[in-house]
Amino acid sequence: MLDISTQGHRDNRLLAALPSEMLNLMGHDLRQISLAQHHAIYEPGAPIDEIYFPQSGMISLLVVAKDGGAVETATIGREGAIGLHAALGKRLSFTRATIQVAGKFSIIRASALAHLVQDHGPLRDMITRYTEVLWAEAQQLAACNAVHDAPARLCRWLLQTSDRIGNQTLPLTQELIAQMLGVRRTTVTLMAQSLQSQGVIKYMRGRISILDREKLEHCACECYAVLQQEKLPLKIGVKL
Amino acid sequence: MPPSADEAVVPDQPLAGKEKIPMPIYYFHLRDQDDITDIDGTDLADIGAAREHANTVARELTFKTSGMLGEDWSKWSMVVHDSAGLELFSFEMSDVGKGNGGK
């Protein structure tokens with residue numbers, strides 16, 4: 001019975017990596033929900049009440065500037081979670097978090113997870129290790145945004161997003177990708193057309209399909225290889 | 001809801017009247033022997049805004065890159081059309097950043 005109820009939750013890599021008894025304990029409080037694109041999860045300064053583990057969708061973290069503009073600083077897919085640190089105590093969100101790719105998510109109340117964390121070392125360790133991975137990722141992305149050109153960053157971003165959602169077709173508009181990369185929409189359109197003419201991607205309104213992953217990896221900056229979800233934890237000696 | 005991407009990335013774009021009068025659409029193509037077509041176009045207030053947009057896009061594309069599709073930027077031009085397909089202006093991509101792009 002419990003195995004069936006935790007099946008969807010195991011699509012999230014962090015949850016899947018937990019010992020079964022731990023996941024079963026959480027299972028009482030874990031819920032599975034579907035969320036649509038643009039659904040708002042956190043606002044800067046607001047309390048983190050719930051923790052989200054993507055199963056198939058993707059969450060985007062955005063730093064909101066004073067002029068109202070927002071730039072993506074991280075994306076979270078099935079390899080991770082957001083709001084985990086709120087299980088260590090009451091926390092406020094630093095960034096805006098929205099659903100970038102619709103999908104299924106496991107969610108749990110921060111207070112419920114906090115309760116479990118008190119008695120369960122492995123759960124606390126998982127939160128600590130995942131935070132270390134996010135910190136490494138943030139440093140790599142800061143460097144990437146400063147030194148790498150837009151076409152290479154676009155390719156890195158497409159590959160990363162594909163990994164995060166476990167799908168070769170990305171249901172994302174040029175507007176959104178432009179916002180994520182901090183460039184004009186036209187710049188994304190022209191880069192995408194260039195990749196399409198080389199048979200690397202197929203670009204339609206509102207979606208991009210990856211046709212030739214190897215070529216796309218060749219066009220991406222080295223940050224993709226560094227940030228790959230299976231490899232990054234090992235680089236810093238962390239096993240998730 | 002977060003602001004639209006246009007507002008987010010072009011904070012200096014004039015917003016007044018945006019809701020009332022539909023803005024013209026401009027298309028920013030890249031041309032050498034081949035064309036890279038801007039199939040979407042962008043709503044902008046006027047040709048002045050289109051020149052500014054063209055310059056920004058050209059700078060974003062050429063930043064730390066030597067060319068596109070294996071061709072040096074000196075072979076590429078940016079050609080800007082209106083929605084009727086009429087060419088409004090063009091400039092060489094390798095001139096971008098030299099202060100005369102979009103003229």
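Residues numbered from 1 in each chain as written. Chains lettered and ligands numbered in written order. Predicted model: local features only at pLDDT ≥ 70, side-chain atom pairs only at ≥ 80, totals over all residues.

Peer 1: It is not clear to me how the overall build of chain A should be interpreted in this structure. Could you clarify?
Peer 2: If you tally the helices and strands in chain A, you get eleven helices and ten strands. Its C-alpha radius of gyration of 18 Å places chain A within 12% of the 18 Å reference for a compact globule of 240 residues. On the principal axes, the C-alpha backbone points of chain A span a range of 55 × 40 × 35 Å. Looking at chain A as a whole, 44% of its 240 residues qualify as buried. Put simply, of all contacts in chain A between residues at least 6 apart along the chain, 73% involve residues at least 24 apart. (Helix = DSSP H or I, 4+ residues; strand = E, 2+ residues; numbered from the N terminus. Rg over C-alpha atoms; globule rule 2.2 N^0.38 Å. Buried ≥ 20, exposed ≤ 12 C-beta atoms within 10 Å, placed from the backbone. Contact = placed C-beta atoms within 7 Å.)

Peer 1: Can you walk me through the interface of chain B and chain A in this structure?
Peer 2: The extent of an interface is frequently quoted as the accessible surface area lost upon association of the parts. On the side of chain A, 26 residues touch chain B, which itself brings 27 residues to the contact. Among the elements of the structure, α1 (5-9), β1 (25-31) and α2 (47-62) of chain B are those that each provide at least two residues to the side of chain B that touches chain A. The greatest single-element share of the side of chain B that touches chain A, amounting to five residues, is contributed by α2(B). Broken down by class, the residue content of the side of chain B that touches chain A amounts to 16 nonpolar, six polar and five charged. (Nonpolar A, V, L, I, M, F, W, Y, C, P; charged D, E, K, R; others polar.)

Peer 1: Sorry, what's going on with the confidence of the model for chain B here?
Peer 2: Detailed reading of the predicted coordinates is not advisable wherever pLDDT is low. Residues and elements named next belong to chain B. For chain B, the average pLDDT comes to 81, and 75% of its residues sit at 70 or higher. Counting contacts from residues 1-12, a segment whose pLDDT is below 50, to residues more than four positions away or on other chains yields 25 contacts. Model confidence for the complex is summarised by a pTM of 0.85, with the ipTM given as 0.78. (pLDDT = per-residue confidence, 0-100.)

Peer 1: Explain the domain arrangement of chain A here, please?
Peer 2: All names here are of chain A. Here chain A is described as being made up of domain 1 (2-121) and domain 2 (149-220). Contact residues are listed per partner, giving 14 residues for domain 1 and twelve residues for domain 2. Of all the secondary structure elements, the ones that give two or more residues to the side of domain 1 that touches domain 2 are β4 (58-64), β5 (70-76) and β6 (96-101). If you tally residues by element for the side of domain 1 that touches domain 2, the top one is β5, at four residues. (Domains from an automatic or database assignment.)

Peer 1: Is there a simple way to explain the pairing of strand β3 (residues 50-54) of chain A in this structure?
Peer 2: A regular strand places its side chains on the two faces of the sheet in alternate fashion. All names here are of chain A. When you tally the buried positions in β3, you get five out of five residues, the bulk of the element. Side-chain alternation along β3 places Glu50, Tyr52 and Pro54 on one buried face and Ile51 and Phe53 on a second face that is also buried. Relative to strand β7 (residues 103-109), β3 runs antiparallel, the two being bridged by five bridges. In the sheet register, Phe53 faces β7, and the bridge partner there is Ser106. (Pairing = 2+ DSSP bridges.)

Peer 1: Just to check I follow, could you spell out helix α8 (residues 185-197) of chain A for this structure?
Peer 2: Side chains of residues three or four places apart in an α-helix project in the same direction, reflecting 3.6 residues per turn. Residue and element names in this part refer to chain A. Relative to the 18 Å expected for 13 residues at 1.5 Å per residue, α8 spans 18 Å between its end C-alpha atoms, a close match to the ideal helical length. A large share of α8 lies buried, amounting to eleven of its 13 residues. Listed in full, the buried residues belonging to α8 are Arg185, Thr186, Thr187, Val188, Thr189, Leu190, Met191, Ala192, Gln193, Ser194 and Leu195. Looking one or two residues beyond α8, the residue adopting positive phi is Gly199, at roughly 75 degrees. (Expected span 1.5 Å × (residues − 1).)

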